[in-house]
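This is what each chain is made of:
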Amino acid sequence: MAVSDLSIKDKGIILSLFATQCYQLPENLFEAKEGIDDLSPLKKFLNKPLPPTYIDVDGAQAYVMSDKDDVLIACRGTEPTALNDVKADLNTFRMLHPEGGKVHQGFYGEYEKVMPDIKKALAKHNKKETKKVWVCGHSLGGAMAVLVAMDLKPSGGLYTFGQPRVGNVAFLKLIDFPYFRYVNNNDVVPSVPPAIGGLWYKHDGKLRYINTYGNIRKATPWQRFKDGWRGRWAALKEFKFIDGVADHGMNYYYQHINNMDDNGEQQERNGA
C-alpha cells in the first residue's frame, strides 16, 4: 500500500520508524533500535527496486529509499559524540535563505553537505518522477529535513520529530507542502533556538503535540503549561531529573505514535 493511502497514524508510524532507524549505519539499518518492536513497515522498501542509499558527508548523514510508489528521505539527528553535530547546533547565527527569509546557519551548513547527494539518489529512486516523496527527521535531522523539503517540495510531505526552530517568519511563509511537526511533552529541543517573540526564529507546520499520557492534544498555552508540570512531576517520581532531555528520545516518539489509535489516543498496552 502506498504511504499516501495510509491513515494519519500509520503515516506517523512509518516516518517516525525511519527517523529512528536512520541513526543506524547501513549494515544495521534493519536491525531494530531500542524501543522498536516491528520493522515490517520499513522492510517493504528493502531492495525494491534499489537498496537504500546512505549519504555521509563530513559527519552529516541521510538515507534515501524507495518502493514502486514512494521515496522516503530521512536526515539523521544529533549524535552528542559527533563534533560536527554539536558545532551545527551551537551555530545559531542567521543567514539569508536563497528562496527568502533567514535560517539557522549551522543547520543550513549540514543541509548543504547532504543535498547534492540526496538529489542524485532521488534521481535514481524516482527516475520517472511518478513517486510521492516524503521527508522526515528527528532533532538536528528534523531541522535538516525542513531545509531539504524546502528544496524538493515533497509531494507526500514533511514529518519532523523534536525539531528545533529553523527560520524566521519570512522563510516559513514560503512553505507550500504538507508539514507535520511532532513534539513530545517537555522535549526541550523544539524550544531552541530562542524565538524572541517570533521575530528571530519561529515554528510552522501542523503541530501534533503528544501529552504526558502519550495522547495527541491541542497545544493551547494552558494545555502546555499544566501538562508540562504533570510531565515533570511524573519524571521526578521516576528519578528522571531532566525531563526535557528524556522526552527528546526518538524511541519515545515512535512508541507513542505506534500505540495510538486513529484519534491520537493511547491504546491499552499488552500486559497493562
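If you're wondering where the values come from, they're calculated on a predicted model, not measured in any experiment.

## What about unusual backbone geometry?
Here is step 1: With an omega of -15°, the peptide bond between V192 and P193 qualifies as cis.
Here is step 2: With respect to the helices and strands, the residue P193 is situated in the loop between β8 (179-184) and β9 (206-210).
Here is step 3: Although it is not a glycine, S139 adopts a positive phi angle of roughly 65°.
Here is step 4: Accessibility expressed as a relative area gives 5% for S139, which makes it buried.
Here is step 5: For N185, which is not a glycine, the phi torsion comes out positive at approximately 45°.
Here is step 6: Tracing the chain through its elements places N185 in the loop between β8 and β9.
Here is step 7: Here N185 falls in the buried class, since its relative accessible area comes to 5%.

## Here we look at the pairing of strand β7 (residues 157-161)
Here is step 1: Burial analysis of β7 places 5 of its 5 residues in the buried class, the great majority of the element.
Here is step 2: The side-chain alternation of β7 yields two buried faces, one formed by G157, Y159 and F161 and the other by L158 and T160.
Here is step 3: Relative to β7, strand β6 (residues 132-138) runs parallel, the two being bridged by 5 bridges. By the bridge assignment, G137 is partnered in β7 with T160.
Here is step 4: Bridge analysis of β7 against β8 gives 4 bridges, and the strand direction is parallel. Paired with F161 across the strands is Y182, a residue of β8.

## Structural notes on the environment of L42
Here is step 1: Structurally, L42 is set in helix α2 (residues 40-43).
Here is step 2: Counting along the chain gives 29 residues from L42 to I13, while the straight-line C-alpha distance between them is 9.8 Å.
Here is step 3: In this structure, L42 is in contact with I14, L17, F18, Q21, F30, M65 and L72, ignoring residues within four places of it in sequence.

## Regarding the packing of aromatic side chains
Any two aromatic rings considered together are summarised by their centre-to-centre distance and by the angle between their planes.
Here is step 1: Considering all chains together, one arrives at 8 aromatic pairs under this definition.
Here is step 2: Taking the centre distance of 5.0 Å and the plane angle of 55° together, the rings of Y108 and Y111 count as tilted. A residue pair is termed a helical-turn pair when its members lie 3 or 4 positions apart in one helix, as Y108 and Y111 do in helix α4 (residues 105-125) at 3 residues. Assigned by exposure class, Y108 and Y111 land together as buried.
Here is step 3: With a centroid separation of 6.3 Å and an interplanar angle of 80°, the aromatic rings of W200 and Y201 are classed as edge-to-face.
Here is step 4: Grouping aromatic residues by their ring pairs yields a cluster made of F18, Y54 and Y63.
Here is step 5: The ring centre of W200 lies 3.8 Å from the NZ or CZ of R94, which sits over that ring.

## Thoughts on the packing of α4 against helix α5 (residues 140-152)
Packed helices, taken two at a time, are described by the angle between their axes plus the distance between the axes.
Here is step 1: Where α4 meets α5, the closest approach of the two axes is 9 Å, and the angle between their N-to-C directions is 55°. Considering the angle they form, α4 stands oblique to α5. The way α4 lies across α5 gives a crossing that is right-handed. Contacts between α4 and α5 involve F107, Y108, E110, Y111, V114, M115, I118, K119 and L122 from the first element and L140, A143, M144, L147, V148, D151 and L152 from the second.
Here is step 2: Split by residue class, the contact of α4 with α5 holds 13 nonpolar, no polar and 3 charged.

## Re the nonpolar core
Here is step 1: The biggest cluster of nonpolar side chains holds 35 residues, and the ones touching the most others in it are I73, I118, L147, V148, L158 and F171.
Here is step 2: Among the elements of the structure, β2 (60-66), β3 (70-75), α4, β6, α5 and α6 (169-172) are those that each provide at least two residues to this core.
Here is step 3: When residues in this core are grouped by element, the largest group, 10 residues, is from α5.
Here is step 4: In contact with I118, other than residues within four places in its own chain, are I55, A62, I73, V148 and L152.
Here is step 5: The next biggest cluster of nonpolar side chains, apart from the first, holds 32 residues, and it includes L15, L29, W134 and Y254.

Scoring rules and cut-offs
- Residues numbered from 1 in each chain as written.
- Predicted model: local features only at pLDDT ≥ 70, side-chain atom pairs only at ≥ 80, totals over all residues.
- Heavy atoms only, no water.
- Helix = DSSP H or I, 4+ residues; strand = E, 2+ residues; numbered from the N terminus.
- Buried < 20%, exposed > 50% of the residue type's maximum accessible area, 1.4 Å probe, protein only.
- Pairing = 2+ DSSP bridges.
- Contact = heavy atoms within 4.5 Å.
- Phe/Tyr/Trp six-rings, centres within 6.5 Å; stacked < 30°, edge-to-face > 60°.
- Lys NZ or Arg CZ within 6 Å of the ring centre and 35° of its normal.
- Axes fitted to C-alpha atoms, helices over the stretch in contact; angles between N-to-C directions.
- Parallel < 35°, antiparallel > 145°, perpendicular 65-115°, else oblique.
- Left-handed = near helix turned anticlockwise from the far one by under 90°.
- Nonpolar A, V, L, I, M, F, W, Y, C, P; charged D, E, K, R; others polar.
- Core = buried A, V, L, I, M, F, W, Y, C linked by side-chain atoms within 4.5 Å.

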